[in-house]
Amino acid sequence: MNGTKRAGWALLGVALILPALALWFRPDHLPIIAATTAPVLTSALGLLGYAYRDRLPGRGGDQ
């Protein structure tokens, strides 16, 4: 499961840092940046939710 956690955190970092850098240099591309950031952010949160599913209250890991 360590690889899933690492991939989720890396993807979350990419989803937050790259749009910020892109907006810094090209603020006129906001609609394109927002449209491409949403799926990456959703994927990162899905990976992290899967990786940490055993820590959620009321949910067992692999039952």
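Quick caveat, the model's predicted, so the values are computed rather than measured.

Criteria and thresholds
Residues numbered from 1 in each chain as written. Predicted model: local features only at pLDDT ≥ 70, side-chain atom pairs only at ≥ 80, totals over all residues. Heavy atoms only, no water. Helix = DSSP H or I, 4+ residues; strand = E, 2+ residues; numbered from the N terminus. Buried < 20%, exposed > 50% of the residue type's maximum accessible area, 1.4 Å probe, protein only. Contact = heavy atoms within 4.5 Å. Areas by Shrake-Rupley, 256 points an atom, 1.4 Å probe, with all protein chains shown as cover. Phe/Tyr/Trp six-rings, centres within 6.5 Å; stacked < 30°, edge-to-face > 60°. Lys NZ or Arg CZ within 6 Å of the ring centre and 35° of its normal. Salt bridge = Lys/Arg side-chain N within 4 Å of Asp/Glu carboxyl O. Polar contact = N/O pair within 3.5 Å; in protein donor to acceptor, adjacent residues only side chain to side chain. Expected span 1.5 Å × (residues − 1).

A.B. asks: How should I be thinking about the overall build of the protein in this particular structure?
C.D. replies: Looking only at helices and strands, one finds 2 helices and 0 strands in the protein. Taken over 63 residues, the protein has a buried fraction of 17%. Taking as baseline every contact in the protein between residues at least 6 positions apart, the subset at least 24 positions apart corresponds to 70%. Working note: accessible area of the protein is about 4800 Å², and carbon and sulfur atoms make up 68% of it.

A.B. asks: I tried to follow the packing of aromatic side chains on my own but got confused; where do I start?
C.D. replies: Within a pair of aromatic rings, the relevant descriptors are the distance that separates the centres and the angle that separates the planes. Scanning all chains against the criterion turns up 0 aromatic pairs. Above the face of the Tyr 50 ring, Arg 53 is positioned so that its terminal group lies 4.2 Å from the ring centre.

A.B. asks: Just checking my understanding: could you explain the pattern of salt bridges for this structure?
C.D. replies: Close approach of charged atoms lets side chains of opposite charge pair. Applying the stated rule across the entire model yields 1 salt bridge. Across the pair Arg 26 and Asp 28 runs a salt bridge whose closest N-O atoms are separated by 3.5 Å. Using a relative accessible area of 45% as the deciding quantity, one classes Arg 26 as partly exposed.

A.B. asks: Whenever I open this one, the side chain of Arg 53 confuses me. Can you help?
C.D. replies: Residue position: Arg 53 is located in the segment after α2 (30-51). With a relative accessible area of 18%, Arg 53 lands in the buried category. Of note is the side chain of Arg 53, whose polar atom sits 2.8 Å from the backbone oxygen of Tyr 50.

A.B. asks: What is the right way to look at the environment of Leu 47 in this model?
C.D. replies: For Leu 47, the location among the structural elements is in helix α2. The spacing of Leu 47 and Leu 11 is 36 residues in sequence and 8.9 Å in space, taken between C-alpha atoms. Excluding its chain neighbours within four sequence positions, the residues that come into contact with Leu 47 are Thr 4, Ala 7, Gly 8 and Leu 11.

A.B. asks: What is the right way to read helix α1 (residues 2-25) from this model?
C.D. replies: At 3.6 residues per turn, the α-helix brings residues three or four places apart onto the same side. Between its first and last C-alpha atoms α1 spans 35 Å; for 24 residues at 1.5 Å apiece the expected length is 34 Å, and the two agree. Turning to α1, the residues buried within the fold contact α2.

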